[in-house]
Amino acid sequence: MSITSPNERLIDSFGTHWMKYVTPTFVYVLLMLIIVLLFVFSQFLTGYSHASGAVAYFFTFALLVGIHHWYFHRILSEYMMDIVVTTKRFMFLRCNLFLSDDTHEISLDRILAVEAKKRGIIQNILGYGTLWFDTGGTSTDKGPIIPLVPHPHRRVREIMSLLRTQGS
Amino acid sequence: MNASVSAVATTSFTISFIILQLVSLLFMIALLLQFALIHGRRIEVLQSLQSHKVAYRCFESRILGIVYVIFTLIITAFSTFIFLH
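Residues numbered from 1 in each chain as written. Chains lettered and ligands numbered in written order. Predicted model: local features only at pLDDT ≥ 70, side-chain atom pairs only at ≥ 80, totals over all residues. Heavy atoms only, no water.

Notes on the overall build of chain A
What chain A contains, in helices and strands, is four helices and seven strands. In sequence order, chain A lays out its α and β elements as β-α-α-β-β-β-β-α-β-β-α. For a compact globule of 168 residues, the expected C-alpha radius of gyration is about 15 Å, and chain A comes in at 23 Å, more than 25% above that figure. Across the 168 residues of chain A, 45% fall into the buried class. Counting only contacts in chain A whose residues sit at least 6 apart along the sequence, the fraction spanning at least 24 positions is 53%. (Helix = DSSP H or I, 4+ residues; strand = E, 2+ residues; numbered from the N terminus. Rg over C-alpha atoms; globule rule 2.2 N^0.38 Å. Buried < 20%, exposed > 50% of the residue type's maximum accessible area, 1.4 Å probe, protein only. Contact = heavy atoms within 4.5 Å.)

Examining the interface of chain A and chain B
On the side of chain B, 35 residues touch chain A, which itself brings 36 residues to the contact. When chain A packs against chain B, the two sides together hide about 3,300 Å² of surface, and 76% of this comes from carbon and sulfur. Seen at the junction of chain A and chain B, the total is five salt bridges. One salt bridge in this structure joins R41(B) and D101(A), with 2.7 Å as the shortest N-O distance. Taken together, the links from chain A to chain B amount to 10 residue pairs in polar contact (both at pLDDT 80 or more). Contributions of two or more residues to the side of chain A that touches chain B are made by β1 (10-15), α1 (22-48), α2 (50-79), β2 (82-86) and β3 (89-96) of chain A. The dominant element in the side of chain A that touches chain B, judged by the number of residues it contributes, is α2(A), at 14 residues. Residues that form the side of chain A that touches chain B fall into these classes: 24 nonpolar, seven polar and five charged. (Buried area = accessible area lost by both parts, 1.4 Å probe. Salt bridge = Lys/Arg side-chain N within 4 Å of Asp/Glu carboxyl O. Polar contact = N/O pair within 3.5 Å; in protein donor to acceptor, adjacent residues only side chain to side chain. Nonpolar A, V, L, I, M, F, W, Y, C, P; charged D, E, K, R; others polar.)

Some points on the domain arrangement of chain A
Each domain of chain A was delimited in the assignment, giving domain 1 (10-16 + 82-167) and domain 2 (22-77). The C-alpha-based centres of domain 1 of chain A and domain 2 of chain A are spaced at 39 Å. (Domains from an automatic or database assignment.)

See below:
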């Protein structure tokens with residue numbers, strides 16, 4: 001996939017912030033609690049009618065299996081979000097298993113400016129934010145935006161020092 | 001009449017249950033294969049850049065895969081246990 005030029009050197013490679021796992025895990029735990037309630041309800045229903053109890057059990061199983069695989073699909077997909085910085089380029093690799101596999105590659109020659117944003121209490125406390133690259137002719141709405149970057153201001157400093165080194 | 005309806009219902013419920021479990025296991029295998037494929041490509045990129053994080057990434061992804069398999073097997077065993085009782 002990636003053929004590196006002879007004088008290309010890796011500066012840093014890292015995954016996005018662990019915050020990406022929080023929302024799916026929270027939803028998973030919540031849905032599992034609902035599943036437990038559905039199992040209790042199915043048990044209760046079986047006391048009245050065996051057939052309706054069996055149907056309720058089956059749909060609860062189906063829901064349990066669906067939620068379980070949805071969760072791990074999300075977790076494994078989120079795990080695949082990678083950021084790679086080399087002396088020549090910046091790469092953002094993102095994939096959603098079975099659905100998409102994207103590589104955003106920005107040559108350092110094209111970068112005019114880099115902006116780091118940390119918004120809100122959670123982002124400031126946990127130390128993650130968004131990186132935006134000004135490659136000329138793009139706006140913050142359409143330009144290359146990298147979300148969930150750990151310590152974005154430090155990354156900006158690293159990239160800017162790289163750009164200065166290349167410029168001199 | 002009632003007994004035969006009940007037998008048909010039980011058989012169709014059993015078949016549906018087995019199909020659900022098979023689909024679940026097949027989905028798990030397909031997801032793990034896709035994960036391994038994409039992960040292999042990522043490792044290639046990192047190796048070509050001589051990253052020192054390759055071994056750590058491999059370890060992490062193996063742990064994730066094993067956790068997924070164990071959880072899926074627990075859910076399969078749990079639902080089979082409830083189904084049989």
